[in-house]
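# Structural overview
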Amino acid sequence: TYPKKFHWNLNDIFNDYWDDFVDYANNHNLEIRPVVYKEVNKMRICKTKAMGYSVYECPNCKKTLFSYNTCKGRFCNSCGVKYAKQRTNEIMSKLVGCNHRHMVFTMPDILWPLFQKDRSLLDLVFKAVSTTINSWFSDSYKKLKYKPGFILVLHTFGRDDKWNVHM
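One structure accompanies this document, and this report is about it. Everything numeric here is computed off the predicted structure, so don't read it as measured data. (Residues numbered from 1 in each chain as written. Predicted model: local features only at pLDDT ≥ 70, side-chain atom pairs only at ≥ 80, totals over all residues. Heavy atoms only, no water.)

## Some points on unusual backbone geometry
A positive phi angle, near 55°, is found at asparagine 29, a position not held by glycine. When you line up the elements, asparagine 29 lands in the loop between α1 (10–27) and α2 (34–44). With a relative accessible area of 74%, asparagine 29 lands in the exposed category. Even without glycine at this site, lysine 47 takes up a positive phi of about 60°. (Helix = DSSP H or I, 4+ residues; strand = E, 2+ residues; numbered from the N terminus. Buried < 20%, exposed > 50% of the residue type's maximum accessible area, 1.4 Å probe, protein only.)

Structure, rendered in structure tokens:
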């Protein structure tokens, strides 16, 4: 039993259920990619003694503070959010103050299994979208010789958590 105001976090859920999930996956021929094991294991020990720590002591009162190291993983619910915010701020600082458009590019769902099976093909999505945007922009602004600036972000899952490659 947990105290009344106990707050769950992602680490708790993975610490409670990850090993059972791995056993289930192994018994049902479900493939878990090595990178998933690596990132989950990093996240599970984030901010624990297993990651190492620094000790600070107040010279006056002798009170000791332990500062645990973080995993710096993108999957980690604390480190990943921090990374995403830092990256967003870096990008925002380089943008020109002008109108922009948010576009979503996707592909027919019949192709999704191909990209799920061979993730190295996902780089083709970046190339296809880049080529499309540059071609459209070049045709639209041929005389002005403008060049577009764009940021591409690959998503492999939709809101329903099903495999859905889109950018």
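Next comes the rest of the write-up.
## So, the pattern of salt bridges
All told, the structure shown has four salt bridges when counted by the stated rule. Between glutamate 90 and arginine 87 there is a salt bridge, and its shortest N-O distance comes to 3.2 Å. Of the two residues, glutamate 90 and arginine 87 both sit in helix α3 (residues 79–94), three residues apart, roughly one turn of that helix. Using a relative accessible area of 38% as the deciding quantity, one classes arginine 87 as partly exposed. The shortest N-O distance in the salt bridge between lysine 127 and aspartate 123 comes to 3.4 Å. (Salt bridge = Lys/Arg side-chain N within 4 Å of Asp/Glu carboxyl O.)

## What to know about helix α5 (residues 122–140)
Taking 1.5 Å of rise per residue, 19 residues should cover 27 Å, and α5 covers 28 Å from first to last C-alpha, within 8% of that figure. The inward-facing, buried residues of α5 contact α4 (112–117), β3 (155–157) and β4 (163–166). (Expected span 1.5 Å × (residues − 1). Contact = heavy atoms within 4.5 Å.)

## Regarding the environment of valine 22
In this structure, valine 22 sits in helix α1. A relative accessible area of 13% means that valine 22 is categorised as buried. Between the alpha carbons of valine 22 and isoleucine 32 there is a distance of 8.1 Å; along the sequence they are ten residues apart. Once residues within four sequence positions are removed from consideration, valine 22 is found in contact with Ile32 and Tyr37.

## Quick look at the pairing of β4
In this sheet, β4 lies alongside β3 in antiparallel orientation, the contact comprising two bridges. Paired with histidine 155 across the two strands is histidine 166, which belongs to β4. Hairpin geometry of β3 and β4 is characterised by an intervening segment of five residues between the two adjacent antiparallel strands and by a positive phi of about 65° at aspartate 161. (Pairing = 2+ DSSP bridges.)

## Considering the side chain of threonine 156
If you trace the backbone, threonine 156 turns up in strand β3. When near neighbours in sequence (up to four residues on either side) are disregarded, threonine 156 contacts Leu122, Lys162, Trp163, Asn164 and Val165.

## Focus on a nonpolar patch on the surface
Together, Met92, Leu95, Ile151 and Val153 make up a nonpolar patch on the protein surface, roughly 380 Å² of accessible area in all. Tracing the backbone shows methionine 92 in helix α3. (Patch = residues over 30% accessible without salt bridge, like charges linked within 9 Å, V, L, I, M, F, W, Y side chains within 5 Å. Areas by Shrake-Rupley, 256 points an atom, 1.4 Å probe, with all protein chains shown as cover.)

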